[in-house]
Amino acid sequence: PYGGFIGGREYIPEFLSFLSRWAKKEKVQRIQIVDLNIKKKQDLPDFKCVESYRHVLELKGKSTDQIWKNYKNSLKRNIKTALKSDLCFEKIKSRGGVEQFYKLYLDSMRRNKALAKYPFQLFLKIYDLLLPEFSDMFFVKYHNQPVAGMVVIYSEDTAHYFHGGSATQYLHLS
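Residues numbered from 1 in each chain as written. Predicted model: local features only at pLDDT ≥ 70, side-chain atom pairs only at ≥ 80, totals over all residues. Heavy atoms only, no water.

S.K.: Would you mind showing me how to read the overall build of the protein chain here?
M.R.: Within the protein chain, the regular secondary structure consists of 5 helices and 4 strands. N-terminal to C-terminal, the α/β element order of the protein chain is α-α-α-β-α-α-β-β-β. Taking all contacts inside the protein chain whose residues are at least 6 apart in sequence as the whole, residues at least 24 apart take part in 55%. Of the roughly 13,100 Å² that the protein chain leaves accessible, carbon and sulfur atoms contribute 55%. (Helix = DSSP H or I, 4+ residues; strand = E, 2+ residues; numbered from the N terminus. Contact = heavy atoms within 4.5 Å. Areas by Shrake-Rupley, 256 points an atom, 1.4 Å probe, with all protein chains shown as cover.)

Written out as structure tokens, the structure is:
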């Protein structure tokens, strides 16, 4: 999720074939590869390239029971574990919270050996200019300590997950 392909171009077709088989097995409908450095359509013969930015999960007309039923067992287990772990979910209410969120974001980038491509100022601008009408920022807290966070940006009828971060030392809680 943090970049394009690394390695020789000759391995891309084999990798994409594997990825396609895996996606069908897991019922994944769309995969986004960012910073893809493939210019010619013939480099991706089995894939239709479309510009796409986020996965959208349609919730209209679905009850919470229907949504829960469609979750994978591993996700259900993680949610149940989180509920037993004294975790709470709350909105970020100050610019200081944005700074705490950014530290979580940087921790995730370090853990994933990825470059932090978004500057702190971007998240401050989202907070200052888009909240609360067009965006929200959230924390997951453990004993009142932020352990994860996310930024959601709203369009007319969709909530878009923009970015998140989490503290490495608390990953065992999920």
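From this point, things continue past the structure.
S.K.: Which parts of the structure should I look at to understand the packing of aromatic side chains?
M.R.: Note on aromatic pairs: each is described by the distance of the centres and the angle between the planes. Following the criterion strictly, the structure yields 12 aromatic pairs and no others. Their ring planes at 40 degrees and their centres at 5.3 Å tell us that Tyr-102 and Tyr-105 sit as a pair that is tilted. With a gap of 3 residues between them, Tyr-102 and Tyr-105 both fall in helix H4 (residues 95-111), about one helical turn apart. Each of the two residues, Tyr-102 as well as Tyr-105, counts as buried. Joined through ring pairs, the aromatic side chains of Phe-101, Tyr-102, Tyr-105, Tyr-118, Phe-120, Phe-123 and Phe-162 make up one cluster. (Phe/Tyr/Trp six-rings, centres within 6.5 Å; stacked < 30°, edge-to-face > 60°. Buried < 20%, exposed > 50% of the residue type's maximum accessible area, 1.4 Å probe, protein only.)

S.K.: What should I look at first to understand the pairing of strand S3 (residues 145-154) in this one?
M.R.: Successive residues of a regular strand alternate their side chains across the two faces of the sheet. Two strands pair when backbone bridges link them, and strand S2 (residues 135-142) and S3 are joined in this way by 8 bridges, in the antiparallel orientation. Residue pairing for S3: Phe-138 is matched across the bridge by Met-150. Here S2 folds back onto S3, and the loop between the two strands holds 2 residues, one of which, His-143, carries a positive phi near 50 degrees. In terms of strand pairing, S3 meets strand S4 (residues 159-166) through 7 bridges, oriented antiparallel. The residue of S4 that forms the bridge with Tyr-154 is Ala-159. (Pairing = 2+ DSSP bridges.)

S.K.: Can you walk me through the environment of Gly-164 in this structure?
M.R.: With respect to the helices and strands, the residue Gly-164 is situated in strand S4. For the pair Gly-164 and Leu-106, spaced 58 residues apart in sequence, the C-alpha to C-alpha distance is 9.8 Å.

S.K.: Would you explain helix H3 (residues 73-84) in this entry?
M.R.: Think of an α-helix as 3.6 residues a turn; residues three or four steps apart then line up on the same face. Here H3 is 12 residues long and its end C-alpha atoms lie 17 Å apart, about the 16 Å a rise of 1.5 Å per residue gives. In the segment just after H3, Asp-86 is the residue with positive phi, at about 60 degrees. (Expected span 1.5 Å × (residues − 1).)

Keep in mind that these numbers describe shape and distance, not what the molecule does.
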